Amino acid sequence: MPSVPESPGLARPPRIRVAPIGADCSWGDAAIELASTYLVRPYDWQSDVLRCWLARNGDRYACSTCGLIVPRQNGKSKAIVAARMLLGAAVIGETIRYSAHRVDTMLEIFDIFVEMFGDPRMPQDDWPHPELARQLHDRVRKWNFNNGHQKIELKNGGFMRFASRATGAGRGSTVDVNVYDEAQYLTDEQVASATPNQSAGPRKDPQKIYLGTPPSEPGMTADPFKRVRTAAIEIAENKGSTVKLVSEAGSSSYFGSYLLCPAIRKDGTQTKLVFETEDPANPGSIAANASYSSGSAGIGSVFVLSYIATGTTGNIEINSGRVVAKGGNGGAGIGGGCRGNAQNITINGGIVEAEGVDGGAGIGGGYGRNGKDITINGGDVFAISTDGNGAGIGGGEAETVLTSCLSRGENIRINGGNVTAQATGDKGAGIGSGGLGLAQGIYISGGTVNAESYGDGAGIGSGGGKESGVTDIYISGGDVTAVGGRYVDANNSAGIGGHFYQKNSKTSQMNIVISGGTVNATGEVGIGAIHGHDIVYNNPKTSITISGGTITAKGLGILQDVGYYNSNRGCTTTITGGSLNADRVVNPVDKWGN
């Protein structure tokens, strides 16, 4: 039996692969065997595509919609498209409609099958591979070579119809499988004309396949094609489900956004999204960069138009690999898009770089919204909010059209890892809340933590602004450095602490408890409360308790190292253990009550 050549094109696999897990791939293996016998020997990645497209869950396709985006001349015609169609029509008995934007592309695929099945218009001795062609030729019931109506009908009931696309070209042809080649030119109207006929296909197991190059030229409408790609990287909600994005060893994958979509879309909290790499010693990289105009997160939720919306994204876990994410205008790097809440984000390992933009947190809430239940147990984490007043880790900048302090950084826990958090705007905190927001519960028990604000926000605590605030900060371990107001001479900033939260409250209470670790805090107040505005506080109280650890606190200028910015009222510092290096401590009380 004559041998077939290797597939033309690149041996390198696609950068992004989204595929079913645990499905039956035996049909894919059969297609690979057919390709190797009658067409070309597929590369590994081409074989993988066939397995994914033909994967089965019970008596149905695991993927009713499939896509492949590759550059031209990459070997998809024979190794993938023709192999899929050959198995479907000749073995399974499927009815298949193949369409392409250009006539010559359609004829190229048709000619592949004419040669493979043996051209009836030629003597058999003139066939390029007569021995192979005879095996398939006897399966044909009818040929149609008329222009625009090319078709091969088989005795098992299957057929392959070939068409150059035009509006309405799919009507009158009931099929099981629609193959849309050159899908970068495909329109919604062309898909709509074919879909009703496909749903009436004889096998009642329909499949759509979209193929093409990245739509980068004028005239490439590609709306259906783009939606297929977006759907592949959008994490759908399904309670109790887990979706894993696993990077191959040493690989680099890039996700970009389309229109208002995040680079990797994750709405809601029911489905768990997990990032991992095959080999942590040689980690792969996943980069997700939302366009600035999208207003969405790099990884997370979409931009929300209404300022009263309350949607939440979350249940995101990073275990290994390198994950790089950047939000659009008002979007978090990882978390909420503009006006999107974020909740339950956990980092256990890997390398994570997250950038929020124009009020979005690096990791946490989008502009105007909350970042809640953020836990870091390990890994190297760099989170930054740029060009706005979001926190590095925590809440987004509060939206001034709403009640202040709607935006919160809440229940942020750092148990290990190397963590750097920066807020480069006028008012965001390094770890805590965005400008005019509330920091409510920050817990550090381990790791190396460097947190800094460039403006009025605290290094760890609340963002700046007269109606921002902080309630509870607990540090029990780790090596912690917190700098407030790094580039504005620490104006109205605290290293650890921040402003009072007094909105609609008769009493404001700030609790800072340090029981262990090495802590260095620098700001206009090193550790404690601050306000620099002529407003009336409703009996504000600050309680600072130090029972362990090695603490250095420095208030710049003439202000307090530990305590309350411009008044001793309501501030108590209780020292029962540890080592405190500070010159100016407001109302200190030692362990004997002195």
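The rules behind each value
- Throughout this description, residue numbers start from 1 for each chain and increase along the sequence as written.
- Note on the predicted model: pLDDT of at least 70 is required for a residue's local features to be given, and 80 or more for side-chain atom pairs to be given and counted; whole-chain, interface and lining totals, by contrast, use all residues.
- The basis for every side-chain value is the complete set of heavy atoms in the structure, and neither hydrogens nor water enter the calculation.
- Secondary structure elements follow DSSP: runs of H or I no shorter than four residues count as helices, runs of E no shorter than two count as strands, and numbering proceeds from the N terminus.
- Contact definition: two residues touch when any of their heavy atoms are within 4.5 Å.
- Note on areas: Shrake-Rupley, 1.4 Å probe, and residue coverage restricted to the protein chains presented here.
- Partly exposed residues are those whose accessible area sits between 20% and 50% of the maximum for their type, while under 20% is buried and over 50% is exposed, using a 1.4 Å probe and protein chains only.
- Any carboxyl oxygen of Asp or Glu that lies within 4 Å of a side-chain nitrogen of Lys or Arg is treated as forming a salt bridge with it.
- Centres within 6.5 Å make a pair out of two Phe, Tyr or Trp rings, where for Trp the six-membered ring is used; the pair is then stacked when the planes are under 30 degrees apart, edge-to-face when over 60, and tilted otherwise.
- Cation placement over rings: the criterion is NZ of Lys or CZ of Arg within 6 Å of the ring centroid and within 35° of the ring normal.
- We call a set of buried Ala, Val, Leu, Ile, Met, Phe, Trp, Tyr and Cys residues a nonpolar core when their side-chain atoms join them within 4.5 Å.
- Residue-level confidence of the predictor, termed pLDDT, takes values from 0 up to 100.
- For two strands to pair, DSSP has to find at least two bridges joining them.
- Lines are fitted to the C-alpha atoms to define the axes, a helix being fitted only along its stretch in contact, and any angle between axes, read from their N-to-C directions, falls within 0 to 180 degrees.

Participant: Which residues make up the overall build of the protein chain, and what values go with them?
Facilitator: Within the protein chain, the secondary structure is distributed over seven helices and 42 strands. Long-range contacts, defined here as pairs at least 24 residues apart, represent 78% of the contacts in the protein chain between residues at least 6 apart. Working note: accessible area of the protein chain is about 23,300 Å², and carbon and sulfur atoms make up 47% of it.

Participant: Which residues make up helix H2 (residues 44–53), and what are the values?
Facilitator: Counting along an α-helix, one turn takes 3.6 residues, and residues three or four places apart therefore face a common direction. Of all ten residues in H2, seven are buried; the element is thus mostly enclosed. Those residues of H2 lying buried are Trp45, Gln46, Ser47, Val49, Leu50, Cys52 and Trp53.

Participant: Explain the pattern of salt bridges residue by residue, including any values.
Facilitator: Applying the stated criterion across every chain yields a total of 18 salt bridges. Arg56 is the partner of Asp205 in a salt bridge, and the nearest nitrogen-oxygen pair spans 2.6 Å. Of this pair, Asp205 sits in the loop between helix H6 (188–199) and strand E9 (207–212) while Arg56 sits in strand E1 (residues 56–57), placing them 149 residues apart in sequence. We note a salt bridge from Glu153 to Arg141, for which the minimum N-O separation is 2.2 Å. One end of the pair, Glu153, is in strand E6 (residues 151–154); the other, Arg141, is in strand E5 (residues 140–144), with twelve residues separating them in the sequence.

Participant: So what's going on with the packing of aromatic side chains? Which residues, and what values?
Facilitator: Under the criterion given, the structure shown has nine aromatic pairs. With a centroid separation of 5.6 Å and an interplanar angle of 10°, the aromatic rings of Tyr443 and Tyr474 are classed as stacked. With Tyr443 in strand E29 (residues 438–444) and Tyr474 in strand E33 (residues 472–475), the pair connects residues that are 31 residues apart, well separated along the chain. Overall, Tyr443 belongs to the partly exposed group, its relative accessible area being 25%. On the basis of relative accessible area, Tyr474 is assigned to the partly exposed category, the value being 33%. Over the face of the ring belonging to Tyr61 we find Arg56, whose NZ or CZ atom lies 4.6 Å from the ring centre. Sitting over the ring of Phe145, Arg121 keeps its end group 3.8 Å from the ring centre.

Participant: Pulling in residues and values, what's your account of the environment of Lys554?
Facilitator: Within the secondary structure, Lys554 is located in strand E39 (residues 541–555). Residue classification places Lys554 among the partly exposed residues on the basis of a relative accessible area of 41%. Sequence separation of Lys554 and Ala582 is 28 residues, and the distance between their C-alpha atoms is 6.5 Å. If sequence neighbours within four positions are ignored, Lys554 has contacts with Ala521, Thr522, Gly523, Val525, Gly526, Asp561 and Arg584.

Participant: Can you break down the nonpolar core residue by residue, with the values?
Facilitator: In this structure, Phe275, Ile299, Ile431, Ile460, Ile496 and Ile527 are the most contacted members of the largest nonpolar core, which totals 58 residues. Contact partners of Ile431, with chain neighbours within four places excluded, come to Ile393, Ile412, Ile414, Ala421, Ile442, Val449, Ala451, Gly459, Ile460 and Gly461. If you look at the next biggest cluster of nonpolar residues, it comprises 51 residues, including Ala79, Val114, Val140 and Leu211.

Participant: An account of the confidence of the model for the protein chain is needed here, citing residue identities and associated values.
Facilitator: For the protein chain, per-residue confidence averages 86 on the pLDDT scale, and 84% of positions sit at 70 or higher. Here residues 532–537 is a poorly scored stretch, pLDDT under 50, and it has eleven contacts once near neighbours within four places are set aside; other chains count.

Participant: Describe the pairing of strand E36 (residues 509–514), with residues and values.
Facilitator: Along a regular strand, successive side chains alternate from one face of the sheet to the other. Residues Met510, Ile512 and Ile514 point to one face of E36 and are all buried, whereas Gln509, Asn511 and Val513, pointing to the other face, are not buried. As judged from the four bridges shared by E33 and E36, these two strands associate in the parallel manner. Residue pairing for E36: Ile475 is matched across the bridge by Ile514. Summarising the sheet, E36 and E39 pair through six bridges and their orientation is parallel. Opposite Gln509, over in E39, you have Lys541 as the bridge partner.

Participant: Outline the sheet that holds strand E7 (residues 159–164), listing residues and values.
Facilitator: Taking strand neighbours across the sheet as the criterion, the seven strands line up as E3-E9-E8-E4-E7-E6-E5 in an open arrangement whose pairing is mixed. Of all strands in the sheet, those with a lone pairing partner are strand E3 (65–69) and E5, marking the two edges. Across this sheet, the average inter-strand angle for adjacent strands is 15°, counted without regard to direction. In this fold H2 packs onto E3 and E9, with an angle of close to 165° to the strand it touches most, E3.

Participant: Give a detailed account of unusual backbone geometry, specifying residues and quantitative values.
Facilitator: Glycine aside, a negative phi is what most residues show, and trans is what most peptide bonds show. A positive phi is found at Asn344, a non-glycine position, where the angle reads about 65°. With respect to the helices, strands and loops of the structure, Asn344 is situated in strand E20 (residues 341–347). Judged by relative accessible area, which is 34%, Asn344 ranks as partly exposed. Unlike most non-glycine residues, Asn411 shows phi in positive territory, near 55°. Position of Asn411 relative to the elements: it lies in strand E26 (residues 408–414).

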